[in-house]
Amino acid sequence: MRPRASGLSDVGVIRSHNEDCFDIDPGNQVFVVADGMGGHSHGEIASRIAIDSIREFVARTADEDATLPFEMDPRLGRQSNRLKSAIRVAHDKVLKAIRQDASLHGMGTTVVGLLVDGDSAAIAHVGDSRCYRLRDGKLELLTQDHTWVNEQVVAGFLSEEQARVHPLKNVVTRALGGDSDVDVDVREWKIAPGDLFLLCSDGLTTMLNDHEILERLDAGARLEDLCGRLVRDANSRGGYDNVSVVLVRIENDAGGDADDEDETRALPRAR
Ligand code: CA
């Protein structure tokens, strides 16, 4: 099995800057979306630091014998520990940038990452960027938002519908660049040919609910077309926020056609 991926990021309809960032690294089979925050477009800096740092860390630790800078979590496999470490290192880099330049104080970023290895995938996240999996026509959310409203939903104080429209729906409880230490959620999943993973920023999920996302996904379509459809429809709903999507389809090694190559695009549209 091997993953094939495509991504797209757009500034949206209202905002002047795109503070989202994404990365597709087919060689190391790692895929990331980050959603930066902080005034004066500093969110752009935070999400870029995170993306670059994760890419560099994953490349540097490709060797099975490479040591990881944090104690291994014995409940997790090596790839999950590796992705988790990559995100913790990225967090340290965002904090370091803030320490070196006081004007960056308050910047931060969410992150969601997918690392494919053999027949499994590690999925890790901090904040409200999400990972979904489409399998057998069913869309499943694999991450739990680190937001105040989601905590209220889990505790039974808010319904999911109330959370969607709540005035505090944008308050994230975890981010890279926040507290001195960061708590990264990571899980390992078995993958199967045909699985389609969606990594996205909240610019998608505040505009389209899960059912509407499912309606727009089609396991057999070109990934590039699906990314374009999701971004276009988020914008047509209002596009209040930057929107970023990365789609990763698990294919048999022999599968795929030449005109659907891995592609990296991050083109904020001129308006
Ligand atoms: Ca956002």
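Residues numbered from 1 in each chain as written. Predicted model: local features only at pLDDT ≥ 70, side-chain atom pairs only at ≥ 80, totals over all residues. Heavy atoms only, no water.

Student: Tell me about the environment of Asn-81, and name the residues and values.
Tutor: Within the secondary structure, Asn-81 is located in helix α2 (residues 78-100). Asn-81 gets classed as buried once you look at its relative accessible area, which sits at 4%. Sequence separation between Asn-81 and His-17 is 64 residues, and the spatial gap between their C-alpha atoms is 33 Å. Leave out the neighbours within four places in its chain, and Asn-81 touches Leu-68, Glu-71, Met-72, Asp-73 and Leu-76. Among the polar contacts made by the side chain of Asn-81, one reaches the main-chain carbonyl oxygen of Leu-76 at a distance of 3.2 Å. (Helix = DSSP H or I, 4+ residues; strand = E, 2+ residues; numbered from the N terminus. Buried < 20%, exposed > 50% of the residue type's maximum accessible area, 1.4 Å probe, protein only. Contact = heavy atoms within 4.5 Å. Polar contact = N/O pair within 3.5 Å; in protein donor to acceptor, adjacent residues only side chain to side chain.)

Student: Lay out the packing of helix α1 (residues 42-60) against α2 in plain terms, naming residues and giving numbers.
Tutor: Close contact between α1 and α2 brings their axes to 8 Å; oriented N to C, the two are set at 140 degrees. In terms of orientation, α1 and α2 fall into the oblique class. As for the relative orientation of α1 and α2, their crossing is right-handed in sense. Facing Ala-46, Ile-49, Ala-50, Ser-53, Ile-54, Glu-56, Phe-57 and Val-58 of α1, the residues of α2 in contact are Arg-82, Ser-85, Ala-86, Ile-87, Val-89, Ala-90, Lys-93, Val-94 and Ala-97. Grouping the amino acids of the contact of α1 with α2 by side-chain chemistry returns 12 nonpolar, two polar and three charged. (Axes fitted to C-alpha atoms, helices over the stretch in contact; angles between N-to-C directions. Parallel < 35°, antiparallel > 145°, perpendicular 65-115°, else oblique. Left-handed = near helix turned anticlockwise from the far one by under 90°. Nonpolar A, V, L, I, M, F, W, Y, C, P; charged D, E, K, R; others polar.)

Student: Which residues make up the pattern of salt bridges, and what are the values?
Tutor: Under the definition given, this model contains 22 salt bridges. Of the charged contacts in the structure, one is a salt bridge between Arg-249 and Glu-251, with a shortest N-O distance of 3.1 Å. Here the two residues Arg-249 and Glu-251 agree in accessibility, since each one is buried. Three or more residues are tied together by salt bridges with common partners; here these are Glu-215, Arg-216, Arg-232 and Asp-233. (Salt bridge = Lys/Arg side-chain N within 4 Å of Asp/Glu carboxyl O.)

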